[in-house]
Amino acid sequence: MITGNDGTRKDHDPTTGHPGRAPRDHGANSAGSGADGGTGADADSVELDFLTHSGEPVRFAARFHADLRTPGAAPLLARPVTLGEGWRVLQYRLPLGAQSDPAAYSALERQVSAGVAMERRYGSERYGEVFTRMVGFDLEASEPFVLYRVPDGEPIARRQGMLTVEEQGKVIAQLVLAVHLLEEVGLVHRAITPYTVRWDGTHVRLAEPGAALRADEPREAYGAAPWASPEQREGTGRADSRDDLWSVAQLVYFLLSGRQGPGSGPPADLGEFRRLAALHQGGAFAPRADQRPAAGELMRLLNVPDPLAHAPGGPDVLSRARAEFDVQRAKKRQETGRDDPPAELAEDRTYYESPPPRRTLRSWLTGTAPVPPPRPAEEAPRPAQPLRRPTLCPHCLLPVSFDQSRLVTLDSKKVAKPLDLSAERRPMHYQDALRQAYQACPHAPAGAPHYLPVPYLNSGEPLTIALVGSSAAGKTHLLAAMLGEIEQGGLEPYGLKCLPLNPDTHREFLQERVQRLHRGKVLESTGHASFAHFTDGLLVTGADGTRPVVFFDLAGEDLAQNGEVTSFLMGVGAFIFVLDPLRALRLPSLDPVRARTRLQQRDLGDEAFTTVLNRIPRLGSYIEAPAAVALNKSDLIRFDPSADRWLSRALPAELDEETLRAESRDAYAFVAHHGSPAWLKPFDDCARCTLHFVAATGAQERGDVYPHGVRPRRVLAPLLSIFAMCGLLPGAELREVGT
């Protein structure tokens, strides 16, 4: 039985009911362990909490049974579970002993994502029965798990040589249909074999999507010949739905011929099997994916009706919000002059064309024409030299330049000691000392000095970036995750090299923030500050030179006040607005997390956003400083199709405007549909602004730890957009980012 919030009994199948959920306990009676502790013995009934594919929380009385031998599922363990009064399901769980491997959790999460995508698209359709159906999941349990309906039938390998002609036709048609349905939701199953596909006499049923990849993801080596395609076995190229067509062709050949195919191309005796003619002629046995047909084309060759041909893909609930994004973007472009035609590179010049010279007697006699006077030579336009703006102190916003007489060093307690390099004659030692030195700002009051790293003053035009958002929005975790990715070379694919702005400050930030986060520890909230010191800085070198980049991370309470501590915001070069979905979105699936974290949804937006946006100088109606909105904690909504489209994929190795605009459009629409317009104020107020789905930790905390570790996702996307808008990522394909 399952009970909803209103106290009424609900349908025993959570995929059809809409029950409520009580607060979850991840202890001994949690979803992952049960009373038997995973020992394999049958257990007394315990309460089991999980989420359905639609995000609905449910609770069942459950009895766990003995573990099954499922070698192909390792490191997951499988066991039957009886829910309620006799509903038998199959649970795959990640045991505690396997959780030290981050890849194991990611694989389970990827499996759940695939199952959710299939249930949301085909759960109410009859033809969805070609898949093993998901019941629910809980990725935050002490032993994360996913539940499936127990599939009917037996492995189709047992029917080798025993299928009737009619059954052969059904098997082929339904397998190709299954691949077509997977293709429609962007999935590649990768595990279609005679031993994983089941047959109940009427329908085939694919196994759980434990090995599924997103189409166009880099292939990972998986499977064995002949069932896996050559490219899939080698792990080369990108995953393609036509990989599954190879598996289907090999499976059907095995069933009809009684033997395995060669694994490298078409079997030599295909002509002996009439049922294989369409697969053979259509190219399903071709060794390369790009030589095989799409599943829809193969269905036409097989004369199999396509159920998707006349079935709409379901309403797009975000269509209106996406249209709002387009309107607002067009309005901003028009009002900021971005839609005006580009100015000519050089002025048009009009030359006086003198009449042709008169022909002389000699020219008439010799037949030669007179030589016209030379046309005035055009001067090549000189490239405009960029104007170097004076370097401003990021704290007091006054000009400051390098002054060797004001050099100091800072000890571990940030106490300044004068540094005299006038006698240093060794160039390399001199440069190394400057790299670690600070300079006292000449404009600071004597009683409250502040200091700037010397590379900030002599390494190109600085870029200051402020993270803005309420307390507990995840600003500190996001900055730590960003710098952690950079430390691992995350910017190098984009042609950027990074060094610390100051080695000691950077090392301190790595030790106290980044390494602690990577160990699965929750970071302390940023405390109240009486002066806005930047948190860390980098020297970022690209094709056009080196620029200092410094990051400010202040407490949300400080940002929400118009105090002296935030006066530096008027000179900040770019902003990352960190949006908290727990406060912004009205999604019921977030209510349990809100209850646990004591955060409340509100429609008035983020106070820190509003205060900062009202304080930043504007040119006309818009703020000129580039901005990015990071929809942080997106792992909480990662199975929504709009978020899943981005979170399930790594950042592309090459950025382009269209991709960044598409993500901004989806993120804007998602927030607009599930929240209030106040949360989109940064996009409305900033002339150039992008929006991104990011997850600083990719996990939920329990106390002061993340039990399953952290998995940052797409955390560099906002920073790369800022870099593109500020010219650190040059290229014609990025000139219009954020507009």
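Below: a short report on this structure.

Reading guide: rules and limits
Residues numbered from 1 in each chain as written. Predicted model: local features only at pLDDT ≥ 70, side-chain atom pairs only at ≥ 80, totals over all residues. Heavy atoms only, no water. Helix = DSSP H or I, 4+ residues; strand = E, 2+ residues; numbered from the N terminus. Axes fitted to C-alpha atoms, helices over the stretch in contact; angles between N-to-C directions. Parallel < 35°, antiparallel > 145°, perpendicular 65-115°, else oblique. Contact = heavy atoms within 4.5 Å. Buried < 20%, exposed > 50% of the residue type's maximum accessible area, 1.4 Å probe, protein only. Pairing = 2+ DSSP bridges. Polar contact = N/O pair within 3.5 Å; in protein donor to acceptor, adjacent residues only side chain to side chain. Core = buried A, V, L, I, M, F, W, Y, C linked by side-chain atoms within 4.5 Å.

A closer look at unusual backbone geometry
Link 1 in the chain: Residue Ala-74 is joined to Pro-75 through a cis peptide bond whose omega torsion reads 5 degrees.
Link 2 in the chain: Residue position: Pro-75 is located in the loop between β4 (57–64) and β5 (77–83).
Link 3 in the chain: Pro-226 follows Ala-225 through a cis peptide bond whose omega is 0 degrees.
Link 4 in the chain: With respect to the helices, strands and loops of the structure, Pro-226 is situated in the loop between β13 (213–214) and α3 (230–234).
Link 5 in the chain: Its identity is not glycine, yet Arg-598 carries a phi of approximately 60 degrees, on the positive side.

Regarding the packing of helix α11 (residues 475–487) against helix α12 (residues 503–518)
The description of two packed helices rests on the angle between their axes and on the distance between the axes.
Link 1 in the chain: Two elements in contact, α11 and α12, have axes separated by 9 Å at closest approach and are oriented at 105 degrees. The orientation of α11 relative to α12 falls into the category roughly perpendicular. Contacts between α11 and α12 pair Thr-476, His-477, Leu-479, Ala-480, Ala-481, Leu-483, Gly-484 and Glu-487 from the former with His-506, Phe-509, Leu-510, Arg-513, Val-514, Leu-517 and His-518 from the latter.

Topic: the pairing of strand β23 (residues 627–631)
Link 1 in the chain: In terms of residue burial, β23 counts as a mostly covered element, since 5 of its 5 residues are buried.
Link 2 in the chain: Residues Ala-627, Val-629 and Leu-631 line one face of β23 and the alternating positions Ala-628 and Ala-630 line the opposite face, and both faces are buried.
Link 3 in the chain: With 5 bridges joining them, strand β22 (residues 574–579) and β23 adopt parallel strand pairing. Along β23, the bridge assignment pairs Leu-579 with Leu-631.

A word on the sheet that holds strand β15 (residues 416–418)
Link 1 in the chain: The 4 strands lie next to each other as β15-β14-β16-β17, forming an open sheet whose pairing is antiparallel. Looking at strand neighbours, the two that pair on one side only are β15 and β17 (451–453), the edges of this open sheet. The mean inter-strand angle of the sheet, taken between neighbouring strand axes irrespective of direction, is 45 degrees.
Link 2 in the chain: Direction of pairing for strand β14 (residues 407–410) relative to β15: antiparallel, over a ladder of 3 bridges. Within β15, the position partnered with Val-408 by the bridge is Pro-418.

Re the side chain of Gln-91
Link 1 in the chain: Relative to the helices and strands, Gln-91 is located in strand β6 (residues 87–93).
Link 2 in the chain: In this structure the side chain of Gln-91 is engaged in a polar contact, spanning 2.7 Å, whose partner is the side chain of Arg-79.

Some details on the pairing of β5
Link 1 in the chain: The buried count for β5 comes to 6 of 7 residues, which makes it a mostly enclosed element.
Link 2 in the chain: With 3 bridges joining them, β4 and β5 adopt antiparallel strand pairing. Residue pairing for β5: Phe-64 is matched across the bridge by Val-81.
Link 3 in the chain: The pairing of β5 with β6 spans 7 bridges and is classified as antiparallel. Note on β6: the bridge partner recorded for Ala-78 is Tyr-92.
Link 4 in the chain: Between the end of β5 and the start of β6, which pair antiparallel, lie 3 residues, with Gly-84 showing a positive phi angle near 60 degrees.

Here's the deal with the environment of Val-179
Link 1 in the chain: Among the structural elements, Val-179 can be located in helix α2 (residues 165–184).
Link 2 in the chain: In this structure the C-alpha to C-alpha distance between Val-179 and Ala-294, which are 115 residues apart in sequence, comes to 9.2 Å.
Link 3 in the chain: For Val-179, the residues in contact, after removing those within four places along its chain, are Ile-192, Ser-241, Asp-244, Leu-245, Val-248 and Ala-295.

Side note on the nonpolar core
Link 1 in the chain: The biggest cluster of nonpolar side chains holds 62 residues, and the ones touching the most others in it are Phe-575, Phe-577, Ile-637 and Phe-693.
Link 2 in the chain: Among the nonpolar cores identified, the runner-up in size contains 49 residues, and Ala-480, Tyr-494, Leu-523 and Ala-724 belong to it.

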